[in-house]
Each structure stands twice: as C-alpha cells, then as structure tokens.
Amino acid sequence: RFADITWGEVKGLITFSEQEVQLYAVSGKISGQELIASGKILHPMGEPELQIQLKSSGIDPRVIDSTLPFSGKVGIEANLSGEWKVLHAEGKLRVDDGNISGWSLAGFSTRFAGRRNGGDWTGSVTDGQGTLAGEALRDLDFSILQQQGQLRLQALSARIGSGSVAANGALGPEALDLNVT
C-alpha cells in the first residue's frame, strides 16, 4: 500500500534506504490494471517526493471509476514528480479503440499535464488527434479544473472533420452546464 493505493502482484527490484526508495522497472497491479514503475521516492521516512515514470500498454479507466462515460483501454506513459499532495504529472496517452458516450474513438493520441494541490487538481491535454465517430479529430486541446468537488472545463477546442468546436463550463457532479460553439 502506498499513498492510499493498494498494489498487488508487485515484481521487480526495489532498493530501500532512509534517503530514498529506488524502483527498477517494477511491475504491479492496481485494481487489476498492470503498470510498470521506474524511478525513485526521496525522503520516504518524511514527506515523500516522487520522481517516477509510469507505463502501461492498456488501463481500463472504468475499473478504477465505473461512472466514467468511456470504455476501452488507455495506454499511458507518465512522469510523476513532487510531493504526493502537490504532485505534478505529464506524459502521453493513447487509445487504439474506445468509446466515449456512444461515440467511437480510434487511433487517438495526445500529451497531458496536470497538478494536484491537496484534494484539488488541474489538467490539460494538448495536440490530441485520432478518429472520433469516423471523422478526423485534430488539434484537441482542453484544460480542466477540479476544485472543492466541482469539475470545470475551462476551455476546449478541436477540429473535427471539416469543422471545429469550442466549449467551456461545468461538468458536474450535480449539473452539466456547457457553452458549446
């Protein structure tokens, strides 16, 4: 168990000292989803600071949160850095074949970045591209903010087929209130 996350089937080389924990291509499962972690955790006896790289060829996000309107596997390469309460994450996401609220998503890839601040977080996606419902999806960029239990789409823009879309607004949990153009 680490940071209130239960890991299972952990395999690989891990070295420990009072100053750091070093992970050498350690594999494990969270809710049955396989991840590979490399890097180190500084100050494990105090306020741990992560310098970790995570990889997975396919995580099913609905196993972690069944309320998500997405089905399919997500490939991820992520760099995690900083203390757990103010964690920074950045990397790449890939969806070979998925579905978002009944819309097919294929050959999708993007870059992401995010920061946790206590219980709140911000995130952004840039340069997303793939196929959405049979149409070319290009230049997908969006930023989101989760603060005090409220999720807000700060800005979204994308080109779909020969058109474009932009949106912002509240994503919940109680209400969906989006401005779409």
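Residues numbered from 1 in each chain as written. Predicted model: local features only at pLDDT ≥ 70, side-chain atom pairs only at ≥ 80, totals over all residues. Heavy atoms only, no water.

### As for the overall build of the chain
Tallying secondary structure elements over the chain gives 1 helix and 13 strands in all. Order of helices (α) and strands (β) in the chain, N terminus to C terminus: β-β-β-β-α-β-β-β-β-β-β-β-β-β. In terms of overall dimensions, the chain has C-alpha extents of about 55 × 30 × 25 Å along its principal axes. The buried share among the 181 residues of the chain stands at 28%. With an accessible surface of roughly 10900 Å², the chain has 53% of that area assigned to carbon and sulfur atoms. Looking at charge distribution, the chain has the averaged site of its 16 positive side-chain charges lying 3 Å from that of its 21 negative ones. (Helix = DSSP H or I, 4+ residues; strand = E, 2+ residues; numbered from the N terminus. Buried < 20%, exposed > 50% of the residue type's maximum accessible area, 1.4 Å probe, protein only. Areas by Shrake-Rupley, 256 points an atom, 1.4 Å probe, with all protein chains shown as cover. Lys, Arg positive; Asp, Glu negative; His and termini not counted. Charge placed at Lys NZ, Arg CZ, Asp CG, Glu CD.)

### Digging into the pairing of strand S11 (residues 150-160)
Here strand S10 (residues 135-147) runs beside S11; their pairing, made up of 9 bridges, is antiparallel. Bridged to Leu145 within S11 is Arg152. Counting the residues in the hairpin turn of S10 and S11 gives 2 residues, including Gln148, whose phi is positive at 50 degrees. (Pairing = 2+ DSSP bridges.)

### A short note on the nonpolar core
Where a protein is soluble and globular, its nonpolar side chains tend to be buried together. Leu23, Ile52 and Leu80 are the most contacted members of the largest nonpolar core, which has 14 residues in total. Excluding its chain neighbours within four sequence positions, the residues that come into contact with Ile52 are Leu23, Ala37, Ser38, Gly39, Lys40, Ile41, Ala78, Asn79 and Leu80. Of all hydrophobic cores here, the second largest spans 9 residues; its members include Leu132, Leu137, Leu140 and Ala158. (Core = buried A, V, L, I, M, F, W, Y, C linked by side-chain atoms within 4.5 Å. Contact = heavy atoms within 4.5 Å.)

### As for a nonpolar patch on the surface
Among the surface-exposed residues, Leu171, Leu176, Leu178 and Val180 lie close enough to one another that they form a single nonpolar patch of about 350 Å² accessible area. Structurally, Leu171 is set in strand S12 (residues 163-172). (Patch = residues over 30% accessible without salt bridge, like charges linked within 9 Å, V, L, I, M, F, W, Y side chains within 5 Å. Salt bridge = Lys/Arg side-chain N within 4 Å of Asp/Glu carboxyl O.)

### Focus on the pattern of salt bridges
Counting across every chain of the model gives 3 salt bridges. For the salt bridge of Arg94 with Asp96, the shortest nitrogen-to-oxygen distance reads 3.4 Å. In this structure Arg94 comes out as partly exposed when scored by relative accessible area, which is 35%. Residue Arg159 is joined to Asp139 by a salt bridge in which the shortest nitrogen-to-oxygen separation is 2.8 Å. Of the two residues, Arg159 sits in strand S11 while Asp139 sits in strand S10, which places them 20 residues apart along the sequence.

### A closer look at unusual backbone geometry
Even without glycine at this site, Ala25 takes up a positive phi of about 45 degrees. Position of Ala25 among the secondary structure elements: in strand S2 (residues 20-30). Of note, the phi angle at Ser31 is positive, near 50 degrees, even though the residue is not glycine. Note that Ser31 resides in the loop between S2 and strand S3 (33-42). The class for Ser31 is partly exposed, based on a relative accessible area of 47%.

### Structural notes on the side chain of Ser56
As for its placement among the helices and strands, Ser56 is situated in strand S4 (residues 49-59). Ser56 gets classed as buried once you look at its relative accessible area, which sits at 9%. Of note is the side chain of Ser56, whose polar atom sits 3.3 Å from the backbone nitrogen of Gly58. Among residues more than four places away in sequence, those in contact with Ser56 are Glu34, Leu35, Val74, Gly75 and Ile76. (Polar contact = N/O pair within 3.5 Å; in protein donor to acceptor, adjacent residues only side chain to side chain.)

### Here's the deal with the environment of Ile64
For Ile64, the location among the structural elements is in helix H1 (residues 61-64). Residue Ile64 is classed as exposed on the basis of its relative accessible area, which comes to 56%. C-alpha separation for the pair Ile64 and Phe108, spaced 44 residues apart in sequence, amounts to 21 Å.

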